[in-house]
Amino acid sequence: MSLDKFIQEYEESTVPHPFIPKTRVYVVDPQSRLASYVNFEVAVRDDAISLDFIGCLIHFKRKGLGSKGLKWFLSLADKHQVSVTGRINKTGQDPENLSSLELRRWYKRHGFIFDRHGNGHREPASEIIEYVQG
């Protein structure tokens, strides 16, 4: 596990958001003329990466852009054997935002496991495969 290498590659692959200090931006499709990017807020907590926020522009919600961004983020975590934690936090009043239940299902599709309080975690994929095969 290498949190330092994860953070280094994460920062090299993203750029700071121009208006939101803790947010970094990952461009999903650099060739697109559309604003195809996903915003992330992450922190290191308890030897894991905490995914504090993930989101995209209103016009791109429910079109797979967030899933593409999360897949990139999780593949980076898998590469560096880093666990990812997070909480179900519904933000904003936009009716296009996922409900808490939809968010939980979305994260579960990407390998997260949740406790009854909405705290989630995901182990690196290779460790999951080793555990199942072992």
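Residues numbered from 1 in each chain as written. Predicted model: local features only at pLDDT ≥ 70, side-chain atom pairs only at ≥ 80, totals over all residues. Heavy atoms only, no water.

Novice: Help me understand the overall build of the protein chain in this model?
Specialist: Of regular secondary structure, the protein chain possesses 4 helices and 7 strands. When burial is assessed residue by residue, the protein chain has 41% of its 134 residues classed as buried. Partitioning the intrachain contacts of the protein chain with sequence separation of at least 6 by distance along the chain shows that 52% fall at a separation of at least 24. Accessible area of the protein chain: about 8,600 Å², with a carbon and sulfur share of 53%. (Helix = DSSP H or I, 4+ residues; strand = E, 2+ residues; numbered from the N terminus. Buried < 20%, exposed > 50% of the residue type's maximum accessible area, 1.4 Å probe, protein only. Contact = heavy atoms within 4.5 Å. Areas by Shrake-Rupley, 256 points an atom, 1.4 Å probe, with all protein chains shown as cover.)

Novice: Help me out: how do you make sense of helix H1 (residues 3–13) in this one?
Specialist: Given 3.6 residues per turn, any residue in an α-helix points the same way as the ones three and four places further on. All of the buried residues along H1 are Leu3, Phe6 and Tyr10. Buried residues of H1, viewed axially, fall in a sector of 60°; they line one side. Relative to its buried face, H1 has exposed residues pointing more than 90 degrees away, namely Asp4, Lys5 and Glu12. Where the residues of H1 are buried, they touch strand S2 (24–27), strand S3 (37–45), strand S4 (48–55) and helix H2 (65–79). (Arc of directions from axis to C-beta.)

Novice: Quick question: what am I supposed to make of the nonpolar core here?
Specialist: Generally speaking, a soluble globular protein has its nonpolar side chains buried in company with each other. Core analysis: the largest hydrophobic core is formed by 27 residues, its most contacted members being Phe40, Leu51, Phe73 and Tyr107. For this core, the secondary-structure elements that each account for two or more residues are H1, S3, S4, H2 and helix H3 (100–109). Element by element, the count of residues in this core is highest for H2, at 7 residues. Leaving out residues up to four positions away in the same chain, Phe40 has contacts with Tyr10, Lys22, Thr23, Arg24, Tyr26, Leu51, Phe53, Ile54, Gly69, Leu70, Trp72 and Phe73. (Core = buried A, V, L, I, M, F, W, Y, C linked by side-chain atoms within 4.5 Å.)

Novice: Which parts of the structure should I look at to understand the side chain of Ser67?
Specialist: Position of Ser67 relative to the elements: it lies in helix H2. When neighbours within four sequence positions are excluded, Ser67 is seen to be in contact with Trp106 and His110.

Novice: What's the story with unusual backbone geometry in this structure? I'm lost.
Specialist: Negative phi values dominate among residues other than glycine, just as trans dominates among peptide bonds. Residue Asp46 is not a glycine yet carries a positive backbone phi of 50°. Among the secondary structure elements, Asp46 is positioned in the loop between S3 and S4. Positioned with a positive phi, Gln81 is a non-glycine residue whose angle comes to about 55°.

Novice: Any chance you could explain the environment of Leu3 here in plain terms?
Specialist: You can see Leu3 is positioned in helix H1. Owing to a relative accessible area of 16%, Leu3 belongs among the buried residues under this scheme. Among residues more than four places away in sequence, those in contact with Leu3 are Val44, Asp47, Ala48, Ile49 and Val82.

Novice: How do you make sense of H2 when you look at a structure like this?
Specialist: Here H2 is 15 residues long and its end C-alpha atoms lie 21 Å apart, about the 21 Å a rise of 1.5 Å per residue gives. Trailing H2 by a residue or two, Gln81 shows a phi angle of about 55°, which is positive. (Expected span 1.5 Å × (residues − 1).)

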